[in-house]
Amino acid sequence: MAGLLHTAPPETISAARRIMGLDPAHGWPHVLRVARLADEIIERGKLAGYDREVLATAIVLHDVGRFLPGEGHHAVKSAEYARGLLSRLGWEEARVEQVAHVILAHSYSLGVEPKTLEAMILSDADKLDALGAVGIARVFHTGCQLGRSFSESLRHFAEKILRLPSLLRLEASREIARERILIVEAFVKSAESEGMMWLDESDPHGSGGEVGRRH
Ligand code: FE
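Residues numbered from 1 in each chain as written. Predicted model: local features only at pLDDT ≥ 70, side-chain atom pairs only at ≥ 80, totals over all residues.

Asker: So what exactly am I meant to see when it comes to the environment of Arg-18 here?
Answerer: Mapped onto the elements, Arg-18 comes out in helix H1 (residues 10-20). Through-space distance from the C-alpha of Arg-18 to that of Gly-147 is 26 Å; in sequence the pair is 129 residues apart. (Helix = DSSP H or I, 4+ residues; strand = E, 2+ residues; numbered from the N terminus.)

Here it is, written out as structure tokens:
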């Protein structure tokens, strides 16, 4: 079966690429990775009975809100954008709302429960892209953009990244997560023993040692 992204309307792909750009952490490259992870979840879990076009379209548009002007939660802005674009493309309202739900429910922080299989797949695939080698690279890329110290980036692993596996909905996603979480745990352990949290401005005495700990 061809990859999921081939199922999304070309207009949604060109719009998302234009709006998101090539930011490696949250831009178009993230969409490509999430689509690949969703394909992997579907294949491993032998999942059926979901709407491929709804899922692919939601994957393409789920993070555009991060790059759109104006206030508000990025998932709400992405869902609004999707509603407008898909209505203009002549989609029926019920299917537009299916896509909007998948987008709203992917967010870690918005608190919308995924109610459909499509929503569970995107929510899981998005979280898996925050784990493994890519997850580590994303934390430091974003940390650099936000002016975070190494200590602060390491703390982000304990506060968010290492908690993500408990939020996965599908068994196939938990299988993929197992290997990726080992990579993150090994990285955090090495970072601590190498003194990555020492000697930055938030810790002038280099006392370090506790910031990256999970418990
Ligand atoms: Fe995302």
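Next comes the rest of the account.
Asker: Help me out: how do you make sense of the packing of helix H7 (residues 132-145) against helix H8 (residues 150-159) in this one?
Answerer: Between two packed helices, the angle of one axis relative to the other and the distance separating the axes together describe the packing. Their axes nearest at 10 Å, the elements H7 and H8 cross at an angle of 135 degrees. Relative to H8, the element H7 is oriented oblique. Helix-helix and strand crossings are classified by hand; for H7 and H8 the assignment is right-handed. Residue-level contacts link Val-139, Phe-140 and Gly-143 of H7 to Glu-152, Ser-153, His-156 and Phe-157 of H8. (Axes fitted to C-alpha atoms, helices over the stretch in contact; angles between N-to-C directions. Parallel < 35°, antiparallel > 145°, perpendicular 65-115°, else oblique. Left-handed = near helix turned anticlockwise from the far one by under 90°. Contact = placed C-beta atoms within 7 Å.)

Asker: For this particular structure, what's the right way to read the environment of Arg-180?
Answerer: By the element assignment, Arg-180 lies in helix H9 (residues 171-193). We classify Arg-180 as buried; it has 22 C-beta atoms within 10 Å. Along the sequence, Arg-180 and Val-134 sit 46 residues apart, while their C-alpha atoms lie 9.2 Å from each other. The contacts of Arg-180, once residues within four sequence positions are left out, are Leu-128, Leu-131, Gly-132 and Gly-135. (Buried ≥ 20, exposed ≤ 12 C-beta atoms within 10 Å, placed from the backbone.)

Asker: I would appreciate a short explanation of unusual backbone geometry in the present structure.
Answerer: With the exception of glycine, the majority of residues adopt a negative phi angle, and the majority of peptide bonds are in the trans configuration. Even without glycine at this site, Lys-46 takes up a positive phi of about 45 degrees. By secondary structure assignment, the location of Lys-46 is in the loop between helix H2 (28-45) and helix H3 (52-61).

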